[in-house]
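The primary structure of each chain is shown beneath.
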Amino acid sequence: MINAVSTLDQIAAALEPYGLVLRGGFVFDEANSAPPPIEGVRAKSVVLVGHYGSSIWPHFIEWRRYRPDEPDPLDAWSKEVLTGVAGKIGAKAVFPSDTPYLPFQQWAKRAEGLLASPLGLLIHPEYGLWHAYRGALLFDRALDFPGCGPQRYPCDDCQDKPCLSACPVNAFSDGRYDVVRCRAHLASGEGGACLNGGCLARRACPVGREHAYNAPQMRFHMNAFAQG
Ligand code: B12
Ligand code: SF4
Ligand code: SF4
């Protein structure tokens, strides 16, 4: 195995100017098999890249000033940044919106030891529900990652589970997320609180509230989702 520390340090340094962070990684095995070969090369390791809170926002907004007409601006920004970083370190960048969908949440569980909240989003013990993935770097070699055990799972200690009762149309009532009901509410003219301030179920979670996205980022994601 190749010692990954210098590679990981290199990636972290390359991501830092964009407010992006390393979100762990692992060597593929039977439990988490590699995606099909890309350009004839099968990946051996994966490193996840994302953000906590609004760390990317000022960098993305600055970039967007010069690309006001980009149809999927956050995806386009992520692709530009990560493809550049991947080229410098001999990796291949892949993205959450690539189809067929790559199992980003399964990878993230393994890479950072997170578990899913009742909403479907992975919950982080410090940042709560306020984090996401912007891409992943695939390597054709086995990197030697520092170990990552399971993290504390905040939902175990959360008696009242306010996330499950905060949605005005009970989109999480049957143990699953009713996306049709959610989108109908957003389109009904009654969903202003969600569209402008963010999903009320997500906002009801007490964990990592101080890392909730800023207002423009909240509106951006909700409007992109509502139009999606
Ligand atoms: C399709 C999709 C959706 C669909 C369907 C989700 C679903 N039922 O699976 C819709 C459009 C509903 C959706 C909505 C949202 N999504 Co979405 N979505 C995806 C996407 C592109 C593919 C999911 C998939 O099928 N993967 C393929 C399978 C094989 O991979 P997987 O890891 O096994 O998939 C897991 C998920 O499907 C998950 N899951 C099951 N039910 C639900 C329900 C929800 C709400 C979510 C988020 C996940 C989820 O369980 C699977 C097993 O771990 C992923 C990115 C990705 N490539 O994974 C983002 C992703 C799961 N979404 C994400 C987010 C943030 C959202 C939104 C909050 C968007 C927003 N507004 O910001 C919303 C939630 C709605 C709301 N009210 O706010 C994040 C989750 C980050 C995290 N902290 O866990 C991801 C990882 C994208 C990213 N860039 O980080 N999403
Ligand atoms: S409100 Fe409680 S159960 Fe819901 S996501 Fe937050 S910690 Fe987990
Ligand atoms: S965005 Fe609003 S309607 Fe949709 S799940 Fe969240 S709280 Fe419910």
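(A) Molecular detail of the site of ligand 1. Lining the immediate environment of ligand 1, one finds 24 residues, of which Leu 102, Gln 105, Gln 106, Leu 122 and Tyr 133 sit closest. Note that an oxygen atom of ligand 1 is positioned 2.8 Å from one of the backbone N or O atoms of Leu 122. Within the backbone of His 131, a nitrogen or oxygen atom sits 3.3 Å from a nitrogen atom of ligand 1. A majority-of-atoms criterion places ligand 1 in the largest pocket. Mapped by element, the contributors of at least two residues to the shell around ligand 1 are α4 (104-112), β7 (131-139), α5 (179-187) and α8 (215-227). Take the shell around ligand 1: its biggest share by element is four residues, from α4. The class makeup of the residues in the shell around ligand 1 is 16 nonpolar, five polar and three charged.

(B) Seen up close, the site of ligand 3. With respect to spatial proximity, 13 residues lie near ligand 3, and among them Cys 167, Cys 182, Cys 194, Cys 199 and Leu 200 are the closest. Among the detected pockets, ligand 3 sits in the largest pocket. Those elements giving two or more residues to the shell around ligand 3 turn out to be α5 and α7 (200-204). Looking at the shell around ligand 3 residue by residue, the class counts come to 12 nonpolar, one polar and no charged.

(C) Broad picture of the nonpolar core. One finds Ile 11, Val 47, Trp 77, Leu 137 and Phe 139 to be the most contacted residues of the largest nonpolar core, which totals 26 residues. Those elements that provide at least two residues to this core are α1 (5-15), β3 (45-52), α2 (57-64), α3 (73-89) and β7. Considering every element that reaches this core, the biggest residue donor is α3, with eight residues. Here Leu 137 is in contact with Ile 11, Ser 45, Val 46, Val 47, Val 49, Leu 82, Val 85, Ala 86, Ile 89, Ala 91, Lys 92 and Ala 93, once residues within four sequence places are set aside.

(D) Structural detail: the packing of α2 against α8. Interhelical geometry of α2 versus α8 gives an angle of 70° and a closest axis separation of 11 Å. Regarding the angle of α2 to α8, the classification is roughly perpendicular. Viewed along their axes, α2 and α8 form a crossing whose handedness is left-handed. Contact with α2, carried on its side by Trp 57, Phe 60 and Arg 64, involves Pro 216, Gln 217 and Phe 220 of α8 and no other residues of that element.

Rules used in this analysis
- Residues numbered from 1 in each chain as written.
- Chains lettered and ligands numbered in written order.
- Predicted model: local features only at pLDDT ≥ 70, side-chain atom pairs only at ≥ 80, totals over all residues.
- Heavy atoms only, no water.
- Near = heavy atom within 4 Å.
- Polar contact = N/O pair within 3.5 Å; in protein donor to acceptor, adjacent residues only side chain to side chain.
- 1 Å grid on protein atoms, 1.4 Å probe; cavity = no way out; pocket = protein on both sides within 12 Å on 5 of 7 lines; lining within 4 Å.
- Sits in = over half its atoms within 2 Å of the grid points.
- Helix = DSSP H or I, 4+ residues; strand = E, 2+ residues; numbered from the N terminus.
- Nonpolar A, V, L, I, M, F, W, Y, C, P; charged D, E, K, R; others polar.
- Core = buried A, V, L, I, M, F, W, Y, C linked by side-chain atoms within 4.5 Å.
- Buried < 20%, exposed > 50% of the residue type's maximum accessible area, 1.4 Å probe, protein only.
- Contact = heavy atoms within 4.5 Å.
- Axes fitted to C-alpha atoms, helices over the stretch in contact; angles between N-to-C directions.
- Parallel < 35°, antiparallel > 145°, perpendicular 65-115°, else oblique.
- Left-handed = near helix turned anticlockwise from the far one by under 90°.

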